[in-house]
Amino acid sequence: MRKSILHIGIIAALLATGASCKKNEETTKSSLAGLSIKADNKNFMPEGALVHVNANVNNIATSDNSDTDAIGKLGLVYYVTGGQRDTVSLDARNMNPEYVFETGAAGNYTLTCYVFAVNDKYYSTSTSVSFTVVDPTSALSDIPPSNPIVIDDNLYNSFTTNGITWMGDNLFGTLIGNNYENSEVLSSVFGKYYTWEEAQEACPEGWYLPSAEEFDTCLGEKAGDLMVDAKFNDKKMWEYWPQVEITNLKSFNALPVGYQDYTDEENPEEGYLKYACFWTCDEVGEMGVFRYIYCEDADIKKGLGSKTTLGMSVRCIKVSD
């Protein structure tokens, strides 16, 4: 019995020694650093779109500043969420090859680039880009259909009140105006953003931009009567606030897509998931008149904004037939 215990003790010691040696060997490895990638993806992409990615390994070095010549050849691997690893090159330092990924079904994707030393003397390094693939026909849910109409080959909900027919969705499909985050796939989902000046000519033939009086008379004062409790990619858009009762009583289908401030060219989007803003045809001096909804406020608010540097949603109206 004692001999068995002795044998077990010797084996355990040997194993521990081996593990220690292996650990020491591993800690002698240095990591790679300096990888960058350039991808032409947008945050929101349509199904079947191609994403072109270029890795730049020219600045790859070691994290401990050891001799970079010892790194040798660099391998380049791409991995996409839910997909397989694609080895693009085993000599990427001399090639920097392009990788093309075709987007699949709607969902969230992360595309990761790994660079490793082919001689296995260094730990690999990686960097990623993420984006969402959108199916515009199903991205929005929980919006009840209401008197669908086709305008310029585009399908809109509609409703009639006080003898005036209103679009039940934000205007889109025009040559002017901007999309959320410059993503064309979201045009029919969120509608476009227009400056006040653009809004004056954006409505299709036979339709026009409402005045502030028409907006107030037809739609009332309660924000909840215009707000729709919709989901975008299965996530609720309007945040819950106890003082705001969302009923969408008017079938207006207001979504909190915010607005755009064109004085900030790099990040023009403002107020997403907080505000819904709509131009009217009225003006006060150099300012355009608009109406807006804020997620925490039960009342429809009134505002004035720059005619040229603010982008807001547009609803067009016409006298009922």
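Topic: the environment of G303
Moving on, step 1. With respect to the secondary-structure elements, G303 resides in strand β23 (residues 301-306).
Moving on, step 2. Residue classification places G303 among the buried residues on the basis of a relative accessible area of 14%.
Moving on, step 3. With 15 residues separating them in the primary sequence, G303 and G288 have C-alpha atoms 8.4 Å apart.
Moving on, step 4. Not counting chain neighbours up to four residues away, the residues in contact with G303 comprise G288, V289, F290, R291 and Y292.

Some points on helix α4 (residues 212-219)
Moving on, step 1. When α4 is considered as a whole, its buried residues turn out to be A212, F215, C218 and L219. Buried residues of α4 fall within an arc of 150° about the axis and therefore sit on the same side.
Moving on, step 2. Tucked inside the fold, the buried residues of α4 contact β15 (158-161), β16 (164-167), β21 (275-284) and β22 (287-294).
Moving on, step 3. One or two positions beyond α4, positive phi appears at G220, with a value near 80°.

Overview of a nonpolar patch on the surface
Moving on, step 1. Taken together, the side chains of V284, M287 and L304 present a nonpolar region at the surface, about 250 Å² in accessible area.
Moving on, step 2. Assignment of secondary structure puts M287 in strand β22.

Comments concerning the sheet that holds β23
Moving on, step 1. Read from one edge of the open sheet, 3 strands run β21-β22-β23, paired in antiparallel fashion. Where the open sheet ends on each side, the last strands, each with one partner, are β21 and β23. Ignoring strand direction, the axes of neighbouring strands in this sheet form an average angle of 35°.
Moving on, step 2. Where β21 lies against β22, 7 bridges are found, and the strand directions are antiparallel. Counted as the bridge partner of Y275 is Y294 from β22.

Topic: the sheet that holds strand β24 (residues 310-311)
Moving on, step 1. Within the open sheet, the 3 strands sit side by side as β20-β19-β24. Their pairing is antiparallel. Lying at the two open borders of the sheet, with one neighbouring strand each, are β20 (269-270) and β24.
Moving on, step 2. Examined bridge by bridge, strand β19 (residues 259-261) and β20 share 2 bridges and lie antiparallel to one another. Considered in β20, the bridge of Q260 is made with E269.

Details of the packing of aromatic side chains
Moving on, step 1. Applying the stated rule across the entire model yields 23 aromatic pairs.
Moving on, step 2. For the ring pair Y180 and F190, a centre distance of 5.6 Å and an interplane angle of 80° mean the geometry is edge-to-face. Pair noted here: Y180 is in the loop between β16 and α2 (187-190) and F190 is in helix α2, with a separation of 10 residues, a long-range link.
Moving on, step 3. Classification of Y180 by relative accessible area gives buried; the value is 6%.
Moving on, step 4. Note on F190: relative accessible area 1%, which makes it buried.
Moving on, step 5. Aromatic rings pair up to connect Y259, Y275, W279, F290, Y292 and Y294 into one cluster.
Moving on, step 6. One Lys or Arg, K307, reaches over the ring of W196 and ends 4.6 Å from the middle of that ring.
Moving on, step 7. A cation over a ring is seen here: R315 above F252, with NZ or CZ 3.9 Å from the ring centre.

Concerning the pairing of strand β8 (residues 98-102)
Moving on, step 1. Taking every second residue as pointing to the same face, the buried face of β8 carries Y99 and F101, while none of E98, V100 and E102 on the other face is buried.
Moving on, step 2. Inspection of the sheet shows strand β4 (residues 50-56) paired to β8 by 5 bridges, in the antiparallel sense. By the bridge assignment for β8, N54 is matched with E98.

Quick notes on the rules
- Residues numbered from 1 in each chain as written.
- Predicted model: local features only at pLDDT ≥ 70, side-chain atom pairs only at ≥ 80, totals over all residues.
- Heavy atoms only, no water.
- Helix = DSSP H or I, 4+ residues; strand = E, 2+ residues; numbered from the N terminus.
- Buried < 20%, exposed > 50% of the residue type's maximum accessible area, 1.4 Å probe, protein only.
- Contact = heavy atoms within 4.5 Å.
- Arc of directions from axis to C-beta.
- Patch = residues over 30% accessible without salt bridge, like charges linked within 9 Å, V, L, I, M, F, W, Y side chains within 5 Å.
- Areas by Shrake-Rupley, 256 points an atom, 1.4 Å probe, with all protein chains shown as cover.
- Salt bridge = Lys/Arg side-chain N within 4 Å of Asp/Glu carboxyl O.
- Pairing = 2+ DSSP bridges.
- Axes fitted to C-alpha atoms, helices over the stretch in contact; angles between N-to-C directions.
- Phe/Tyr/Trp six-rings, centres within 6.5 Å; stacked < 30°, edge-to-face > 60°.
- Lys NZ or Arg CZ within 6 Å of the ring centre and 35° of its normal.

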